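Per-entry structural report
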Number of protein chains: 4
Amino acid sequence: MTDPAPTPPGYIGEKARVLARLKRIEGQARGLQRMVDDEQYCIDILTQVSAMTSALRSVALTLLDDHLAHCVREAAATGEDVEAKLAEASAAVARLVRA
Amino acid sequence: MTDPAPTPPGYIGEKARVLARLKRIEGQARGLQRMVDDEQYCIDILTQVSAMTSALRSVALTLLDDHLAHCVREAAATGEDVEAKLAEASAAVARLVRA
Amino acid sequence: MTDPAPTPPGYIGEKARVLARLKRIEGQARGLQRMVDDEQYCIDILTQVSAMTSALRSVALTLLDDHLAHCVREAAATGEDVEAKLAEASAAVARLVRA
Amino acid sequence: MTDPAPTPPGYIGEKARVLARLKRIEGQARGLQRMVDDEQYCIDILTQVSAMTSALRSVALTLLDDHLAHCVREAAATGEDVEAKLAEASAAVARLVRA
């Protein structure tokens with residue numbers, strides 16, 4: 001699929017919520033910079049990094065979930081190449097698991 | 001150790017570099033918000049999330065590496081409780097691996 | 001879907017290869033026991049554990065990939081509830097990412 | 001350290017327990033082969049793979065924890081190169097986190 005733009009993405013129904021979560025993650029990245037700048041204790045910083053990684057994974061799983069549901073609903077409606085899209089989703093999961 | 005502040009943290013020697021990497025990660029979080037706001041393709045967003053997760057892990061491993069090296073150098077010099085610090089580092093690794 | 005047995009699973013086409021990979025993983029588990037029994041160096045054991053974890057993840061990604069492709073091919077043919085199956089796959093990915 | 005064998009490894013105090021856990025993991029690998037051989041449902045197999053991955057990670061964290069505690073106790077007693085050992089442990093953590 002060379003131009004996926006015409007149809008709204010799978011996360012469209014919760015765009016505001018996804019944005020809010022990413023905004024919070026951005027805040028965590030800023031908080032980490034403050035901690036490092038203040039030369040805070042390394043273990044406390046690592047705890048925050050773990051929390052931020054966990055929040056990121058969680059957003060990724062939401063996006064993937066929406067994408068899988070969306071991708072099939074679309075496919076049923078338009079008859080476009082579902083297998084290619086699932087192979088693509090599968091590759092995205094592999095990148096995620098190994099990130 | 002109730003007050004770890006007096007001694008500089010293990011990452012002090014590369015504080016500027018760690019800050020630069022966290023700043024870049026903050027930029028990635030902002031980039032993700034732009035992508036979601038523009039309703040870009042979900043798989044492309046997931047690819048960026050994987051890259052950002054990978055960058056975060058990498059910073060965490062640097063901090064941990066510095067902490068382990070530092071914690072021992074310190075311990076040799078001051079004779080404080082190294083085992084407690086290593087147990088603490090070990091717990092941080094467990095959180096990181098499961099994040 | 002209360003009885004998924006009637007249709008062959010997604011990995012049917014590479015059943016022999018998946019079995020061979022799991023057999024090798026079983027061998028890695030036995031090799032680890034030998035290393036521990038011989039009281040070998042902890043870091044060398046950890047290196048083998050990482051290799052084994054990596055092999056397991058890789059099998060999981062193969063199974064998931066086959067399942068996603070299969071699940072849609074099936075759904076197109078039989079008209080059964082694809083969304084439920086994708087939600088199920090999505091939950092499996094979440095467990096995998098957090099394992 | 002070219003010959004780590006002379007001193008007992010960090011996990012020596014719980015060797016029997018570690019062996020029992022690895023034996024159970026070997027059993028999980030055999031159970032997975034049975035499931036695949038019986039052509040069981042892919043999602044159920046993935047659930048077992050996640051459980052097995054989790055068990056492996058858990059053993060790895062135990063070994064690492066023992067190693068860190070041991071490595072320092074040893075170092076205090078013998079004066080050998082602790083920093084090299086910690087760098088080595090740090091590299092093992094990096095492999096584990098990315099496995």
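Here's what I pulled together on the structure shown here. (Residues numbered from 1 in each chain as written. Chains lettered and ligands numbered in written order. Predicted model: local features only at pLDDT ≥ 70, side-chain atom pairs only at ≥ 80, totals over all residues. Heavy atoms only, no water.)

Another aspect to go through is the relation of the copies chain C and chain D. With an RMSD of 0.0 Å, chain C superimposes on chain D once it is rotated by 180° and translated 0.0 Å along the axis. On this basis, the relationship between the two copies can be described by a two-fold rotation axis. Judged by C-alpha distance, Glu26(C) is the residue of chain C that lies nearest the rotation axis, at 2.7 Å. In this assembly, 100% of the residues forming the interface of chain C have copies in chain D that are likewise at the interface, indicating an isologous arrangement. (Least-squares fit on C-alpha atoms with pLDDT ≥ 70 in both. Contact = heavy atoms within 4.5 Å.)

Bringing the interface of chain A and chain B into the picture now. On the side of chain B, 44 residues touch chain A, which itself brings 44 residues to the contact. At the boundary of chain A with chain B, total buried surface from both sides reaches about 4,300 Å², with 71% on carbon and sulfur atoms. Across the chain A-chain B interface, the total number found is six salt bridges. For the pair chain A and chain B, the number of links is 16 residue pairs in polar contact (both at pLDDT 80 or more). (Buried area = accessible area lost by both parts, 1.4 Å probe. Salt bridge = Lys/Arg side-chain N within 4 Å of Asp/Glu carboxyl O. Polar contact = N/O pair within 3.5 Å; in protein donor to acceptor, adjacent residues only side chain to side chain.)

Attention now moves to unusual backbone geometry. Residues and elements named next belong to chain A. At Glu39, a position not held by glycine, the phi torsion is positive, near 55°. By the secondary structure assignment, Glu39 is in the loop between helix H1 (15–37) and helix H2 (42–78). Residue Glu39 is classed as partly exposed on the basis of its relative accessible area of 31%. (Helix = DSSP H or I, 4+ residues; strand = E, 2+ residues; numbered from the N terminus. Buried < 20%, exposed > 50% of the residue type's maximum accessible area, 1.4 Å probe, protein only.)

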